[in-house]
Amino acid sequence: REIVCEVLPGVTDPEACFRELWDHFARPDSWKSFPDVDESLRMLRQAGYRLGIASNFDRRLNALCDHLPALQCLECRMISTEIGFRKP
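Since this is a predicted model, take the numbers as computed values, not measurements.

Student: Hey, could you run me through the packing of aromatic side chains in this one?
Tutor: Two numbers describe a pair of aromatic rings. These are the distance of the centres and the angle of the planes. All told, the structure shown has three aromatic pairs when counted by the stated rule. With a centroid separation of 5.8 Å and an interplanar angle of 35°, the aromatic rings of phenylalanine 18 and tryptophan 22 are classed as tilted. Taken together, the residues phenylalanine 18 and tryptophan 22, both in helix H2 (residues 14-26) and four residues apart, mark about one turn of the helix. Given the relative accessible area of 14%, phenylalanine 18 is considered buried. Looking at tryptophan 22, the relative accessible area reads 28%, which means it is partly exposed. Ring centres of tryptophan 31 and phenylalanine 57 lie 5.9 Å apart, and the angle between their planes is 80°; on these two criteria the pair is classed as edge-to-face. With tryptophan 31 in the loop between H2 and helix H3 (37-46) and phenylalanine 57 in the loop between strand E1 (52-55) and helix H4 (60-67), this pair connects stretches of sequence that are 26 residues apart. What links up through ring pairs into an aromatic cluster is the set Phe25, Trp31 and Phe57.

Student: Before we go on, may I ask you to explain the pattern of salt bridges in this structure?
Tutor: Oppositely charged side chains can pair when the atoms bearing their charge come close. For the structure shown, the criterion picks out five salt bridges. Glutamate 39 serves as the salt-bridge partner of arginine 42, at 2.3 Å between the closest nitrogen and oxygen. Taken together, the residues arginine 42 and glutamate 39, both in helix H3 and three residues apart, mark about one turn of the helix. Its relative accessible area of 38% is what places glutamate 39 among the partly exposed residues. When the shortest N-O distance is used, the salt bridge between aspartate 58 and arginine 60 registers 2.7 Å. Residue aspartate 58 shares its accessibility class with arginine 60, and that shared class is buried.

Student: Just checking my understanding: could you explain a nonpolar patch on the surface for this structure?
Tutor: Taken together, the side chains of Ile3, Val7, Leu8, Leu21, Phe25 and Trp31 present a nonpolar region at the surface, about 530 Å² in accessible area. Of all the elements in the fold, those that place two or more residues in the nonpolar patch are helix H1 (2-7) and H2. Inspection of the secondary structure assignment puts leucine 21 in helix H2. Judged by relative accessible area, which is 32%, leucine 21 ranks as partly exposed.

So, how was this worked out
- Residues numbered from 1 in each chain as written.
- Predicted model: local features only at pLDDT ≥ 70, side-chain atom pairs only at ≥ 80, totals over all residues.
- Heavy atoms only, no water.
- Phe/Tyr/Trp six-rings, centres within 6.5 Å; stacked < 30°, edge-to-face > 60°.
- Helix = DSSP H or I, 4+ residues; strand = E, 2+ residues; numbered from the N terminus.
- Buried < 20%, exposed > 50% of the residue type's maximum accessible area, 1.4 Å probe, protein only.
- Salt bridge = Lys/Arg side-chain N within 4 Å of Asp/Glu carboxyl O.
- Patch = residues over 30% accessible without salt bridge, like charges linked within 9 Å, V, L, I, M, F, W, Y side chains within 5 Å.
- Areas by Shrake-Rupley, 256 points an atom, 1.4 Å probe, with all protein chains shown as cover.

Below, the structure is given as structure tokens:
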């Protein structure tokens, strides 16, 4: 909320703007991975690496990982809010 007010000072309803942005970034179709991610992760898996993600994003990351094919191969998701740590 504070960031919305700081970077969008002309917004007349910061709370509505924040909610719209929050909802937008909760939708998996609002995201895409870079073109080289699929191949890079495939190569790492073939080399025997176990793959996971550690993020200070929130629980919405689960839906994003489920939606993006490149991230469906991850064995572990460590999301700060789910393991009890707040984002900085």
